[in-house]
Amino acid sequence: MSESSAEAVAELASAATGVAGNWSKVAGIAGAAIGVIAAGAAAGVAIERMTVGRGMRERARLALDSTGPYGSLRGTPGTARADDGTELYYEVDDIEPEVAVTPKRRRLFGRKAPAPVTVVFSHGYCLNQDSWHYQRAALRGVVRTVHWDQRSHGRSARGVAQLEDDMPLTIDQLGRDLKAVLDAAVPEGPIVLVGHSMGGMTVMALADQYPDLIRDRVVATAFVGTSSGRLGEVNFGLPVAGVNAVRRVLPGVLKALGQQAALVERGRRATADLFAGIIKRYSFASRDVDPAVARFAERMIEGTPIDVVAEFYPAFTDHDKTAALTHFKDMPVLVLAGIGDLVTPSEHSEAIADLLPDAELVLVPDAGHLVMLEHPEVVTDRLADLLTRAGAVPAGATVSGYGSTSSTARRG
């Protein structure tokens with residue numbers, strides 16, 4: 001994007017915050033502003049419009065929505081209550097209990113076998129627990145897993161502190177939310193924590209506030225496409241001048257738009273093609289992403305209301321949990337990122353790995369921010385290895401290679 005385009009974004013954003021009462025205009029120019037940011041995506045959409053009719057595109061979306069398996073996996077539901085009263089939704093995929101405890105196991109563990117390891121997956125910003133679809137499918141029956149929706153995302157309730165008390169959302173709050181889920185879904189036994197993007201930040205916030213829990217119960221951790229801080233320096237693949245212009249006005253624009261969510265949501269639907277191109281650009285790096293996967297990501301992000309987007313955004317600038325990483329030094333750790341990630345650049349994962357010298361660093365070529373959907377076989381393979389190293393699954397266990405691409409990862 002050119003600097004002149006960035007200035008156009010700033011002008012559009014300023015106009016949005018200054019228009020009093022004309023919220024339909026705000027909704028329209030918000031979509032235009034974001035379209036300018038992702039100029040490459042917008043150009044792709046324009047070409048598609050010249051070659052594919054709108055009706056055909058809509059029918060294709062409906063077909064993908066009705067036939068795709070993504071997001072169809074369900075487990076045993078449960079709810080946890082956060083410290084502010086927010087109801088957090090989670091699901092458990094259990095493994096079949098042993099029919100009988102052998103005499104040898106009785107000698108090793110006494111009358112009762114130890115609690116199984118539980119793998120807890122935390123999703124990213126504007127996503128939900130279904131973003132781990134491939135990994136969830138691959139691990140079913142192999143290890144006990146918990147998948148939860150962060151507050152105001154997926155099936156969890158809107159954050160009470162934010163909705164009723166107008167309290168700012170913080171990453172520390174998300175760490176306390178994860179603690180509430182662990183207390184409800186994994187009251188005992190060893191835990192493996194897996195976090196993508198904001199989910200990884202949530203894991204760091206948990207460690208910062210509950211170091212004893214990490215020391216006593218967490219046996220391994222995976223950080224996927226995440227950051228320990230300095231997110232305010234990310235340029236999203238844009239020129240510095242353009243990023244600075246957008247960064248100055250974006251929080252105010254999001255807040256203003258969030259106050260008129262219904263009108264903005266109608267604007268988002270009206271510009272669905274443009275948003276689809278933007279989502280694809282900032283979610284994936286490879287050119288041959290399965291259209292059903294791309295549509296699945298689009299649906300998750302579209303499902304996050306604009307007021308929630310606005311509510312969460314400021315928390316990332318303040319996020320700094322670098323010091324909390326020390327709590328993960330004495331356990332197996334996987335740090336994985338897509339080299340083409342424009343949202344949380346792979347340099348942030350490398351910085352995490354630098355502070356955890358015994359961690360395995362995996363950088364995935366031709367992969368963007370949603371690496372677990374774009375190259376699921378790489379992520380699942382490295383997670384399976386992490387679980388084996390942590391003793392969560394026996395070395396002879398078979399983890400299905402659910403989903404595959406032709407790309408391979410290189411270790412950092």
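Located above this text is the structure these notes cover.
Worth saying up front: this structure is predicted, and the values here are computed from it rather than measured. Residue numbers restart at each chain and count upward from 1, following the sequence in its written direction. Under the rules for a predicted model, residues below a pLDDT of 70 receive no local features and side-chain atom pairs below 80 are neither given nor counted, while totals for whole chains, interfaces and linings still include all residues. Excluding hydrogens and water, the side-chain figures rest on all heavy atoms present in the structure.

### Points about the environment of Phe223
Part 1 of the argument: Secondary structure follows DSSP: runs of H or I at least 4 residues long count as helices, runs of E at least 2 residues long count as strands, and numbering of each begins at the N terminus. Among the secondary structure elements, Phe223 is positioned in strand β6 (residues 218-224).
Part 2 of the argument: When its relative accessible area of 0% is taken as the criterion, Phe223 is described as buried.
Part 3 of the argument: Taking the C-alpha atoms as reference, Phe223 lies 9.7 Å from Ala353; in sequence the two are 130 residues apart.
Part 4 of the argument: When near neighbours in sequence (up to four residues on either side) are disregarded, Phe223 contacts Gly195, Gly200, Val203, Met204, Leu325, Phe328, Val333, Leu334, Val335, Leu336, Ile352 and Leu356. Burial status follows relative accessibility: with a 1.4 Å probe on protein chains alone, a residue under 20% of its type maximum counts as buried, one over 50% as exposed, and anything between as partly exposed. Throughout, a residue-residue contact means that at least one pair of heavy atoms, one from each residue, lies within 4.5 Å.

### Some details on the pattern of salt bridges
Part 1 of the argument: The salt bridge criterion pairs a side-chain nitrogen of Lys or Arg with a carboxyl oxygen of Asp or Glu, the two atoms within 4 Å. Enumeration over the complete set of coordinates arrives at 25 salt bridges.
Part 2 of the argument: Ionic pairing is found between Arg144 and Asp94, a salt bridge with its closest N-O pair at 2.8 Å. Pair noted here: Arg144 is in strand β4 (residues 144-148) and Asp94 is in the loop between β2 (87-93) and α5 (103-109), with a separation of 50 residues, a long-range link.
Part 3 of the argument: The buried category is assigned to Arg144, whose relative accessible area is 16%.
Part 4 of the argument: The residue Glu302 makes a salt bridge to Arg295 at a minimum N-O spacing of 3.6 Å.
Part 5 of the argument: With a relative accessible area of 31%, Glu302 lands in the partly exposed category.

### Some words on empty space enclosed by the protein
Part 1 of the argument: For cavity detection a 1 Å grid was placed over the protein atoms alone, and a set of points counts as a cavity when a 1.4 Å probe fits there but cannot get out; an open set counts as a pocket when protein lies on both sides within 12 Å along at least five of seven lines, with lining residues being those that have an atom within 4 Å of a point. Grid points are joined across faces, edges and corners, and a volume is the space filled by probe spheres set on the points. Under the criterion given, the structure shown has 1 cavity of 30 Å³ or more.
Part 2 of the argument: In terms of lining residues, the largest cavity is bounded by Gly71, Leu73, Gln129, Asp130, Trp132, His133 and Arg136.
Part 3 of the argument: Side-chain classes are defined by residue name, with Ala, Val, Leu, Ile, Met, Phe, Trp, Tyr, Cys and Pro counting as nonpolar, Asp, Glu, Lys and Arg as charged, and the others, Gly among them, as polar. Among the residues forming the lining of the largest cavity, the class breakdown is 2 nonpolar, 3 polar and 2 charged.

### With respect to helix α18 (residues 376-389)
Owing to its 3.6 residues per turn, the α-helix aligns residues three or four sequence positions apart on the same side.
Part 1 of the argument: The end-to-end C-alpha distance of α18 is 20 Å, a good match for the 20 Å that 14 residues give at a rise of 1.5 Å each.
Part 2 of the argument: For α18, the set of buried residues is Pro376, Glu377, Val378, Val379, Thr380, Arg382, Leu383, Ala384, Leu386 and Leu387.
Part 3 of the argument: Trailing α18 by a residue or two, Gly391 shows a phi angle of about 80°, which is positive. Multiply 1.5 Å by the residue count of a helix minus one, and that product is the helix's expected span.

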